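# Structural features, examined
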Amino acid sequence: ARSDAVLVESDVWDLTKYAKMCIDAGKHIHMDKPASGTLEEYKALLDSAEAQGLVVQLGYMYRYNPYVQELFSAIERGELGQILSIEAQMNCWHPPEVRQWLDQFPGGMMFFLGCHLVDLIYRIQGAPNRVQALNRSSGKNGIDSDDFGFALLEYDHGVSFAKCSAAELGGYHRRQLVVT
């Protein structure tokens, strides 16, 4: 059977390698996110896809959620007025070995799950004037990886933030997007 597109999902550190193999084979791709460990590696993938007229789609959490789509539409229609701030959170609780596994990524938890939150903020408010990263280790269970991520995004009309924690009991219940 012939396929026109390939779904690429693997360990994060191999995503771009496998996606590039598909692009090199002339296939459109849908790949998991975060797409790459470096901007240069991801740009090379996009440049190769563009040169061949191929589509690269990323699997963003929540971007295609019906309620988030409704929010985007209301904003585009001007129903919410000027957006002053966004509070975005995606928390969870992972055992120590998973939280230590985050150490392989620059930015730890912010790289791993916070990217989905930054995507939503950027989609709504555009590029910020300034970003302050406050990634930390909770130290829980002796783990020293950045299992807590926080990014403050500054705009002309307010401040937004993205917060993610892998060490928050009940954290799966604290996934929210608040638009003011």
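Residues numbered from 1 in each chain as written. Predicted model: local features only at pLDDT ≥ 70, side-chain atom pairs only at ≥ 80, totals over all residues. Heavy atoms only, no water.

On to unusual backbone geometry. Positioned with a positive phi, Asn141 is a non-glycine residue whose angle comes to about 60°. With respect to the helices and strands, Asn141 occurs in the loop between strand E5 (130-133) and strand E6 (148-155). (Helix = DSSP H or I, 4+ residues; strand = E, 2+ residues; numbered from the N terminus.)

Looking now at the pattern of salt bridges. As enumerated under the stated definition, the model contains 9 salt bridges in all. Across the salt bridge formed by Asp14 and Lys17, the nearest N and O atoms sit 3.7 Å from each other. Arg130 is the salt-bridge partner of Glu154, the closest N and O atoms lying 3.7 Å from each other. Of this pair, Glu154 sits in strand E6 while Arg130 sits in strand E5; the two residues are 24 residues apart in sequence, bridging distant segments of the chain. Linked through salt bridges whose partners overlap, the residues forming this network are Lys163, Glu168 and Arg174. (Salt bridge = Lys/Arg side-chain N within 4 Å of Asp/Glu carboxyl O.)

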